[in-house]
Amino acid sequence: MKSILKEYYGITNVSLTKMEGYDSTNYKVEDGKSVFVLKQYDYSSEVLEQLDSENEILRALSTLKKSDFPLAIGSADNKFLVCDKNHIYRLLNYVEGFFLGDVEHTPLLLQSLGRFLGKMDKTIHNQYHASINAKETQWDLQYFKNNFKLIDHIADAKDRNLVNYFFLQFDEQVYPVQNQLRKGIIHNDANDWNVLTKDGKVSGIIDFGDMCHSWIINEVAVAITYVMMEKEDPLEIASEVIKGYCELFPLEEIELNILYYLVAGRLCTSVCNSAYSKTLKPNSEYITIS
């Protein structure tokens, strides 16, 4: 990694710290003056096109005031994606802040989470990028049923039955109205460890790897899934986020009507994929953190 940084970015005398990630190998890069994130991906033309679209979206978001997003840094010859052998490399600025998972979830913070996501979605949802629109991922709730094949990896029979129940509920409650739902580009992964805070308010978000063109309501569904965990009054917690989001980007009644099933769908997606990933990486705590 140090040779990549030196050859393409002219950055030397660095310390590297490996960071967790699903679809890329990530390193925190410090050279004594600045802090970056170097991401390494397996090369494919599809990944290259998606990353190029992601960089364009991040440039659009960089114009939002009081909001921090990662931004690609150009190489010495001004390339924002570097291809070397069988890998793609991308250097991003390091977004500072305290993770949402490490701070107290006050009503003010939760409303600011909603406003932040609403402002972000309002900015990017109408953009068109062929590679993002064509993307199909198991973490996109419009393709929720694709996760059903992983259900057998859930070890506990009671858990399997519960997950199976919500697959059925999704078929009955969500898919029949899917053509009435607004669609647009969303971040799709506003979890505790992607959202950053400063001074009691949400200040930024990282990891756009699950970004997709999907039902807009999924942005809220994903966000409240994580902040409701282990709360005594999860519905009150969710309402604060929804209130903030609607201030900037009002939701429609039909979207709110299916929100319960979308949250359950996100939880089931996480459980299915964690159970499967655990068979591949049995010692990874990151995989089963939620």
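Caption draft 1: Broad picture of the sheet that holds strand β8 (residues 195-198). Reading across the sheet, the 3 strands line up as β6-β8-β9 and stay open at both edges, with antiparallel pairing between neighbours. Because the sheet does not close on itself, it has two edges, and the strands there are β6 (98-99) and β9 (201-205). Pairing geometry for β8 and β9, over 4 bridges, is antiparallel. Pairing of T197 across the sheet is with V202, part of β9. Sitting on the sheet, helix α3 (residues 107-124) is in contact with β8 and β9, with an inclination near 35° to β9.

Caption draft 2: View of unusual backbone geometry. Backbone geometry places D199, a non-glycine residue, at a positive phi of 55°. Mapped onto the secondary structure, D199 falls in the loop between β8 and β9. Judged by relative accessible area, which is 80%, D199 ranks as exposed. Backbone geometry at D207 places phi at a positive 60°, although glycine is not the residue there. Within the secondary structure layout, D207 lies in the loop between β9 and β10 (212-215). When its relative accessible area of 33% is taken as the criterion, D207 is described as partly exposed.

Caption draft 3: Highlighting the packing of aromatic side chains. All chains considered together, the criterion is met by 12 aromatic pairs. The interplanar angle of 65° and the centroid separation of 5.9 Å between the aromatic rings of F99 and W193 together place this pair among those described as edge-to-face. Placement of the pair is F99 in strand β6 and W193 in the loop between β7 (183-186) and β8, with a sequence separation of 94 residues. Using a relative accessible area of 31% as the deciding quantity, one classes W193 as partly exposed. An aromatic cluster is defined as three or more aromatic residues linked by ring pairs; in this entry it consists of F144, F148, F167, F170, Y175 and W215. If you follow K145 out to its NZ or CZ, it ends over the ring of Y175, 4.7 Å from the centre. Positioned over the ring face of F249 is R182, at 5.2 Å from the centre of the ring.

Caption draft 4: Looking closely at helix α2 (residues 45-61). When the terminal C-alpha atoms of α2 are compared, their 25 Å separation across 17 residues agrees well with the 24 Å that a helix rising 1.5 Å per residue should span. Residues Q50, L51, S53, E54, N55, I57, L58 and L61 constitute the buried set of α2. Buried-residue contacts for α2 involve β3 (35-42), β5 (87-93), α3, α4 (130-133) and β7.

Caption draft 5: Summary view of the pattern of salt bridges. Using the criterion set out here, one finds 6 salt bridges in the structure. When the shortest N-O distance is used, the salt bridge between R90 and E54 registers 2.7 Å. Placement of R90 in strand β5 and of E54 in helix α2 is noted, with a sequence separation of 36 residues between them. Both residues of the pair, R90 and E54, count as buried. For D189, the salt bridge goes to R266, with nearest N and O atoms at 2.8 Å. With D189 in the loop between β7 and β8 and R266 in helix α9 (residues 259-280), the pair connects residues that are 77 residues apart, well separated along the chain. For the pair D189 and R266, one class covers both residues: buried. The structure contains a network of salt bridges with shared partners spanning R182, E252 and E255.

Caption draft 6: Focus on the packing of helix α6 (residues 217-227) against helix α7 (residues 234-248). Orientation of α6 relative to α7, taken along the N-to-C sense of each, is 145°, at an axis distance of 9 Å. Note on packing geometry: the crossing formed by α6 with α7 is right-handed. Each of V220, I224 and V227 in α6 lies in contact with α7, whose residues at this interface are I237, A238, V241, I242 and Y245. Grouping the constituent residues of the contact of α6 with α7 by class yields 8 nonpolar, no polar and no charged.

Caption draft 7: Here's a closer look at the sheet that holds strand β1 (residues 15-19). Within the open sheet, the 5 strands sit side by side as β1-β2-β3-β5-β4. Their pairing is antiparallel. The sheet is open, and its two borders are formed by β1 and β4 (82-84), each paired with just one other strand. Shown here is a sheet whose adjacent strand axes are inclined to one another by a mean of 30°, direction ignored. Each of β3, β4 and β5 touches α2; the most contacted strand, β5, lies at about 15° to it.

About the thresholds
- Residues numbered from 1 in each chain as written.
- Predicted model: local features only at pLDDT ≥ 70, side-chain atom pairs only at ≥ 80, totals over all residues.
- Heavy atoms only, no water.
- Pairing = 2+ DSSP bridges.
- Helix = DSSP H or I, 4+ residues; strand = E, 2+ residues; numbered from the N terminus.
- Contact = heavy atoms within 4.5 Å.
- Axes fitted to C-alpha atoms, helices over the stretch in contact; angles between N-to-C directions.
- Buried < 20%, exposed > 50% of the residue type's maximum accessible area, 1.4 Å probe, protein only.
- Phe/Tyr/Trp six-rings, centres within 6.5 Å; stacked < 30°, edge-to-face > 60°.
- Lys NZ or Arg CZ within 6 Å of the ring centre and 35° of its normal.
- Expected span 1.5 Å × (residues − 1).
- Salt bridge = Lys/Arg side-chain N within 4 Å of Asp/Glu carboxyl O.
- Left-handed = near helix turned anticlockwise from the far one by under 90°.
- Nonpolar A, V, L, I, M, F, W, Y, C, P; charged D, E, K, R; others polar.

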